[in-house]
Amino acid sequence: MVFVGICRVFSTVGEQQYETIGAFWDEISARYGLENLRGLGYNWTETTIEYVIGLKEGTIDGADCVVQLPDTDWVIVSGKTSNLGKIYDEIYRDGALRYEIETFDEDGSCVIMYRR
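First things first, this report covers the structure right here in the doc. Everything numeric here is computed off the predicted structure, so don't read it as measured data.

What follows covers the nonpolar core. In this structure, Phe24, Trp25, Ile28, Leu37, Tyr51, Ile53 and Ile91 are the most contacted members of the largest nonpolar core, which totals 22 residues. Looking at this core, the elements that each hand over two or more residues are strand E1 (2–11), helix H1 (17–32), strand E3 (48–55), helix H2 (84–92) and strand E7 (109–115). If near-sequence neighbours (up to four positions away) are discounted, isoleucine 53 is found in contact with Phe3, Gly5, Ile6, Phe24, Trp25, Ile28, Leu37, Arg38, Gly39 and Ile60.

Written out as structure tokens, the structure reads:
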């Protein structure tokens, strides 16, 4: 699977990535619509995460990142965006991830796909 999008690096110190990645989503979804997007988190360090937002279908304008991802062995979790913190607490309970792909819908639902 190939993920193409716009990449930014965010600090994870003090869990500030939730606010800054949220602002990134707001910026890009204002142009493309929330339901047309997907986000990829990967390449974590002790203090940063690389995060890419791309279109579910097609290539986003200004794409500056291409990530080759495995096609199989993804775990899929669905839930409500309002419970995202709890969803991630459950996911991370079993250890660090290599990749996570997030999608969000206007009705408040989300789908997280991840690989360790």
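After that view, the rundown keeps rolling.
What follows covers the pairing of E7. Within E7, five of the seven residues are buried, which leaves the element mostly enclosed by the surrounding structure. Pairing geometry for strand E5 (residues 75–80) and E7, over six bridges, is antiparallel. Following the sheet pairing, lysine 80 is matched in E7 by serine 109. With six bridges joining them, strand E6 (residues 99–104) and E7 adopt antiparallel strand pairing. Note on E7: the bridge partner recorded for glutamate 100 is tyrosine 114. The antiparallel pairing of E6 with E7 creates a hairpin that spans four residues between the two strands, and glycine 108 there sits at a positive phi of about 90 degrees.

So, how was this worked out
Within each chain, residue numbers correspond to sequence positions counted from 1 in written order. Under the rules for a predicted model, residues below a pLDDT of 70 receive no local features and side-chain atom pairs below 80 are neither given nor counted, while totals for whole chains, interfaces and linings still include all residues. Calculated side-chain values reflect all of the structure's heavy atoms, with hydrogen atoms and water omitted. Among the buried residues, those of types Ala, Val, Leu, Ile, Met, Phe, Trp, Tyr and Cys that are joined through side-chain atoms within 4.5 Å form a nonpolar core. Buried residues are those whose accessible area, probed at 1.4 Å on protein chains only, stays under 20% of the maximum for their type, while exposed residues exceed 50% and partly exposed ones sit between those limits. Where helices and strands are cited, they refer to DSSP runs of H or I of at least four residues and of E of at least two residues respectively, numbered from the N terminus. In this description, contact between two residues means that some pair of their heavy atoms is separated by no more than 4.5 Å. Paired strands, in this sense, are two strands between which DSSP finds at least two bridges.

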